[in-house]
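# Inside the fold
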Amino acid sequence: MDMQAVARTEQRLDRRFNISGVGVGIRAPDDVLRVLDVTLLHVPRHVAECTIVMSVAKDDERWRISDEYGPIIALPSFAPVPEVAGALTTAMVERVGQSTQDAIVTGTIVAKGGFAVALVGEDWESCIAIAAHLSLRGWSFVTPRHAFVDRDTRAVEPFAKLLYIPARIIPLMPLQYRRALEASPWYSTAADLGFYGVDLLSVPGITAPAVRPILRAGIIVDPSRRELNGAIHEPAHTYIGSFLPFSGVGIASASLVVGSIVPTTDAVERWFSTITTVS
């Protein structure tokens, strides 16, 4: 493609985001862009030429998400627009990770004292609830879903997407999150309501975000078991390398069995205290 063609492509971009230092351009229908303007409110805008260009299109059968190499995701045409925007943002993260060579960690990450802990596994909803409670105990809520981690230093760079909260876990969330939930847009599915624009900056008493904390530990949240008060078990029930590409290089790991939310959060704090004291 010649430079004039590149310039024309750049001019047609509807949005440009700076994600972990990489320019990502988006072309999409207005309803998808309106959701992105909410969910990516705190993601910096990019002002130069974009390295990655992604597009969203819809026909009678499906939504199609593509990058400069061709289609990468297809969703049914009846998929709610926030779900389409969510799939797009996940694809954006994956493409940026390929561009930077950083590792992508999919999990809920919290930090304290310069060290980060990744809560990973299938029970994402429990991860979110635990992170929310920790965020009011002097921890910072680094990222709800995705982060880029430097393979050499293990410094964590979050993807600053607003928080998604399904209505079914609202009873587990601290009351201080109520105002942010009420201010969030939502959409409904056959199974639940989803609040997709929960802004952590609207939560009173929350700890300020940590700046590039060092990933110190991974906790695999075990969805198959429950204990009344929650419990940490070592070693982890599953190889931590399935979730974090840093096993064997100073990353502590354990399994978490979830119980009542406050005692479970207590268990996470106690375990974190032991590993940071030892280190």
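The following refers to the structure shown. (Residues numbered from 1 in each chain as written. Predicted model: local features only at pLDDT ≥ 70, side-chain atom pairs only at ≥ 80, totals over all residues. Heavy atoms only, no water.)

### Considering the sheet that holds strand β14 (residues 193-198)
Spatially, β12-β14-β13 is the arrangement adopted by the 3 strands of the open sheet, whose pairing is antiparallel. The open sheet has two edge strands, β12 (163-166) and β13 (186-188), and neither has a second partner. Averaged over all pairs of adjacent strands, the angle between their axes in this sheet comes to 20°, without regard to strand direction. Pairing of β13 with β14 involves 3 bridges; the strand directions are antiparallel. Paired with Trp 186 across the strands is Phe 195, a residue of β14. (Pairing = 2+ DSSP bridges. Helix = DSSP H or I, 4+ residues; strand = E, 2+ residues; numbered from the N terminus. Axes fitted to C-alpha atoms, helices over the stretch in contact; angles between N-to-C directions.)

### Brief notes about the sheet that holds strand β5 (residues 70-76)
Judged by pairing direction, the sheet is mixed, and its 5 strands sit side by side in the order β1-β2-β3-β4-β5 without closing on themselves. Unpaired on one side and paired on the other, β1 (15-19) and β5 mark the two borders of the sheet. Taken pair by pair, the neighbouring strands of this sheet meet at an average axis angle of 20°, ignoring direction. Pairing of strand β2 (residues 22-27) with strand β3 (residues 52-58), which is carried by 4 bridges, proceeds in the parallel orientation. Bridging across to β3, Arg 27 finds its partner in Ser 55. Contacting β1, β2, β3 and β4 (62-67), helix α2 (residues 30-39) runs over the sheet at an angle of about 35° to β1. Sheet strands touched by helix α3 (residues 81-100): β1, β2, β3, β4 and β5. Its angle to β3, the strand with the most contacts, is close to 155°. (Contact = heavy atoms within 4.5 Å.)

### Some details on the nonpolar core
Counting residues in each nonpolar core, the largest one holds 38 residues, and the members touching the most others are Ile 128, Leu 163, Ile 165 and Tyr 177. Contributions of two or more residues to this core are made by β8 (115-120), α4 (124-134), β12, α5 (178-183), β14, β15 (214-222), β17 (252-257) and α6 (261-278). When residues in this core are grouped by element, the largest group, 8 residues, is from α4. Judged by nonpolar contacts, the second largest core, of 31 residues, contains Ile 19, Ala 28, Leu 88 and Phe 148. (Core = buried A, V, L, I, M, F, W, Y, C linked by side-chain atoms within 4.5 Å. Buried < 20%, exposed > 50% of the residue type's maximum accessible area, 1.4 Å probe, protein only.)

### Observations regarding the side chain of Ser 135
Take Ser 135: it is sitting in the loop between α4 and β9 (140-143). Given the relative accessible area of 0%, Ser 135 is considered buried. Once residues lying within four places of it in the same chain are set aside, the contact partners of Ser 135 are Phe 141, Tyr 177, Gly 205, Ile 206 and Thr 207.

### So, the pattern of salt bridges
What the rule picks out here adds up to 12 salt bridges. Between Glu 269 and Lys 112 there is a salt bridge whose closest N-O contact spans 4.0 Å. Taken together, the residues Glu 269 in helix α6 and Lys 112 in strand β7 (residues 108-112) connect sequence positions 157 residues apart. According to the relative accessible area criterion, Lys 112 is partly exposed, its value standing at 33%. Put simply, Arg 168 and Asp 192 hold a salt bridge, and the shortest N to O gap is 2.7 Å. Here the residue Arg 168 occupies a position in the loop between β12 and α5, and Asp 192 occupies one in the loop between β13 and β14, the gap between them amounting to 24 residues. Relative accessible area serves as the criterion here: at 16%, Asp 192 is assigned to the buried category. Residues joined in a network through salt bridges with shared partners are Lys 112, Arg 137, Asp 266 and Glu 269. (Salt bridge = Lys/Arg side-chain N within 4 Å of Asp/Glu carboxyl O.)

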